Amino acid sequence: MSDLHHALEPPTDGAAAVGRARAQRLLVTLLGDYWRAGHAPLPSGGLVAVLAEFDIAPANARATLSRLTQRGVLERTKEGRRTSYRLTESAAQILRRGGRRIFASTDESSWDGRWTLIAFTLPLDDANQRRLLRARLRWLTFSPLYDGTWVTPHDRFDEVREQLSELDVSDAVVLRATDLDLLPGGRTRLEAAWRIDELAAGYQSFLERHRDLVWPAAAGEVSPAQALVRRTEMVNDWRALVGEDPDLPARFLPASFPRARARAMFLEISAALARPAQQRFEELVQTPEHAADSAKSRLK
């Protein structure tokens, strides 16, 4: 999942660039959550109307569709005067893989003691391959011990081999073990790579931003339009947190670490809002002309 987001335009200090990045990330999240793989391509007017729910102007929404097509995330089809878009197969596969982790319920109380370590080297002149591999390793919960040596306290043996194959990386060693001795300097290095304090702050901020949805969502008091916007923004926030989290077992975390509370809240709200959000998404993409008119009047 991380490498798909790396394919999008990264935010910079410019407000316009940040806005473009937000639009692209929102659309990727929307398609990952509400568009069913194998379904028909979605009309461009409907996707413009969906993005208008997030106060993204039509011109910016169309530019977003164009940029994602250029980056290989979307593919465009045309039938007469009607233009439609769908996720490319590779993008859909990455989103499905990411979704399994994003919406997973993890038992943090148990750990089988397994570690996976990868040591690799890449050509110095291939910055893109290096960036993609590191992004995928992060998503698989690896953290760097040294520049070309990454480790995770999880059994990721088969998954990391699959990623190496996809990226055509052959100069690598993958080890799976239950015995790993971290000498003081090595443990300090790994704890720094885990960035536990930053992660804790991120999860606490997530709780504060979205806890106001708990009771309205449970009571069914969130309208479909509100559900689509709030749930999508919440999933977007959660995806960013998960992408940076090595998913450490409880024994490596302070007792006050707020991830379990944040995950429970995320799963509760996302489940409660899934149906009304899906309903609003389908209304928008199936009736693009009416929805676009409604969105334009709201933006004025």
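Named according to an unreviewed UniProt entry, the chain is PaaX family transcriptional regulator originating from Micromonospora fiedleri.

In this structure, what is going on with the sheet that holds strand β5 (residues 143-146)? I would like to understand it.
One key point about sheets: their strands pair by backbone hydrogen bonds, in either a parallel or an antiparallel sense. Taking strand neighbours across the sheet as the criterion, the 4 strands line up as β5-β6-β4-β7 in an open arrangement whose pairing is antiparallel. In this open sheet, the two strands that pair with only one neighbour each are β5 and β7 (172-177). Shown here is a sheet whose adjacent strand axes are inclined to one another by a mean of 25°, direction ignored. Relative to β7, strand β4 (residues 115-120) is paired through 6 bridges, and the arrangement is antiparallel. Within β7, the position partnered with I118 by the bridge is V174.

Help me understand the packing of helix α3 (residues 44-52) against helix α4 (residues 58-70), please; the structure alone is not making it clear to me.
The relative placement of two packed helices is expressed as an angle between their axes plus a distance between the axes. It is at 9 Å that the axes of α3 and α4 come closest, and there the two elements cross at 120°. In terms of their interaxial angle, α3 and α4 are classed as oblique. In terms of crossing hand, the pair formed by α3 and α4 is right-handed. Across the interface between the two elements, S44, L47, V48 and L51 from α3 touch P58, A61, R62 and L65 from α4. Split by residue class, the contact of α3 with α4 holds 6 nonpolar, 1 polar and 1 charged.

How should I be thinking about the pairing of strand β3 (residues 82-87) in this particular structure?
A regular strand carries its side chains on alternate faces of the sheet. Two strands pair when backbone bridges link them, and strand β1 (residues 42-43) and β3 are joined in this way by 2 bridges, in the antiparallel orientation. Bridged to L42 within β3 is Y85. Of the pairings in the sheet, the one linking strand β2 (residues 74-79) to β3 comprises 6 bridges and is antiparallel in character. Residue pairing for β3: K78 is matched across the bridge by T83. The hairpin formed by β2 and β3 contains 2 residues between the paired strands, and G80 there has a positive phi angle of roughly 65°.

Cut-offs used in this document
Residues numbered from 1 in each chain as written. Predicted model: local features only at pLDDT ≥ 70, side-chain atom pairs only at ≥ 80, totals over all residues. Heavy atoms only, no water. Pairing = 2+ DSSP bridges. Helix = DSSP H or I, 4+ residues; strand = E, 2+ residues; numbered from the N terminus. Axes fitted to C-alpha atoms, helices over the stretch in contact; angles between N-to-C directions. Parallel < 35°, antiparallel > 145°, perpendicular 65-115°, else oblique. Left-handed = near helix turned anticlockwise from the far one by under 90°. Contact = heavy atoms within 4.5 Å. Nonpolar A, V, L, I, M, F, W, Y, C, P; charged D, E, K, R; others polar.

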